[in-house]
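Below, each chain spelled out in residue letters.
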Amino acid sequence: MKTILCYGDSLTWGVDAENETRHAYEDRWTSVLQKGLGHGVRVIPEGLNGRTTVYSDYTADCDRNGARILPTLLQTHAPLDLVIIMLGTNDLKPVFANNAVIVGHGMKRLVEIIRHHAWPVETDGPEVLIVAPPVLCETDHALLGPMFSGRIDESRALASVYRDLADELECAFFDAGSVARTTPIDGVHMDGENTRAVGKGLEPMVRMLLGI
């Protein structure tokens, strides 16, 4: 049995902007990936709305700092064969005053945490797959429009930054924006079709990384 940890934010949790709820379990990209890979692989979804790579956000009653929570989840779900990280969108909120290059440093920190983790079982450690989230789009959404105001270009640059980072760190890379688009309903999240497309798009690379 191969085990994959999918570490992400609301795109992984499955926010459904159209219905202001959560996508059905079968429509989330993690579930689509699980179905495609079959019973020999266990896909663990760990998505949290608002999660960042390394920044603290105290506007919610949960810890959104990805670097602080990741070691606990690695320990909880060990041993792991692959960790898929799709984060960075929330790092681009103007409140954090970041650009895509600085967000890349946050992603690098997460990879370092995985590579240097004190695993509870003997293991060479998992493969790491960095996923660039789909690009933000224009929206008149009352909350998320102002929250991500002026950040579309930086979100577009994330794919290039992450691709170079993956080469530097010898990780795998996938651009979710190559198969999916965000919805203008809120400018950030994906509809059911595009969420499913991410899971389908990831499957070939995941198979290659796991050797299945």
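Residues numbered from 1 in each chain as written. Predicted model: local features only at pLDDT ≥ 70, side-chain atom pairs only at ≥ 80, totals over all residues. Heavy atoms only, no water.

> What exactly am I supposed to notice about the overall build of the chain here?
Looking only at helices and strands, the chain has seven helices and seven strands in total. Moving toward the C terminus, one meets the helices and strands of the chain in the order β-α-β-β-α-β-α-β-α-β-α-α-β-α. For 212 residues, the compact-globule formula gives about 17 Å, and the C-alpha radius of gyration of the chain, at 16 Å, lands near that figure. Per-residue burial for the chain yields a buried fraction of 53% across its 212 residues. For the chain, contacts bridging at least 24 residues in sequence account for 75% of all contacts bridging at least 6. Accessible surface for the chain amounts to roughly 9800 Å². Of this, 50% is attributable to carbon and sulfur atoms. Counting 19 positive and 29 negative side-chain charges, the chain places the centres of these two groups 3 Å from one another. (Helix = DSSP H or I, 4+ residues; strand = E, 2+ residues; numbered from the N terminus. Rg over C-alpha atoms; globule rule 2.2 N^0.38 Å. Buried < 20%, exposed > 50% of the residue type's maximum accessible area, 1.4 Å probe, protein only. Contact = heavy atoms within 4.5 Å. Areas by Shrake-Rupley, 256 points an atom, 1.4 Å probe, with all protein chains shown as cover. Lys, Arg positive; Asp, Glu negative; His and termini not counted. Charge placed at Lys NZ, Arg CZ, Asp CG, Glu CD.)

> Any chance you could explain the sheet that holds strand β5 (residues 82–86) here in plain terms?
Adjacent strands of a sheet form backbone hydrogen bonds with each other and so pair up, either parallel or antiparallel. Reading across from one edge, β4-β1-β5-β6-β7 is the order of the five strands in this open sheet, with parallel pairing throughout. Where the open sheet ends on each side, the last strands, each with one partner, are β4 (41–47) and β7 (172–175). In this sheet, adjacent strand axes meet at a mean angle of 20 degrees when their direction is disregarded. As paired strands, β5 and strand β6 (residues 127–132) are joined by four bridges and run parallel to one another. Directly across from I85, in β6, lies its bridge partner I130. (Pairing = 2+ DSSP bridges. Axes fitted to C-alpha atoms, helices over the stretch in contact; angles between N-to-C directions.)

> Is there a simple way to think about the pairing of β6 in this case?
Both faces of the sheet carry side chains from a regular strand, because those side chains alternate between them. Most of β6 sits inside the fold, with five of its six residues counted as buried. As for the winding sense of the linkage, the β-α-β connection from β5 through helix α4 (residues 100–115) to β6 is right-handed. Pairing of β6 with β7 involves four bridges; the strand directions are parallel. Bridge pairing in β7 links L129 to A172. (Right-handed = clockwise from strand over helix to strand, strands pointing away.)

> Would you mind showing me how to read the packing of helix α2 (residues 29–37) against helix α7 (residues 192–210) here?
To describe two helices that pack against each other, one gives the angle between their axes and the distance between the axes. Where α2 contacts α7, the two axes come as close as 7 Å, and the packing angle between them is 45 degrees. Regarding the angle of α2 to α7, the classification is oblique. When you trace α2 past α7, the crossing you get is right-handed. Residues W29, V32, L33, G36 and L37 of α2 form the contact with α7, whose participating residues are T195, R196, V198, G199, K200, L202, E203, V206 and R207. (Parallel < 35°, antiparallel > 145°, perpendicular 65-115°, else oblique. Left-handed = near helix turned anticlockwise from the far one by under 90°.)

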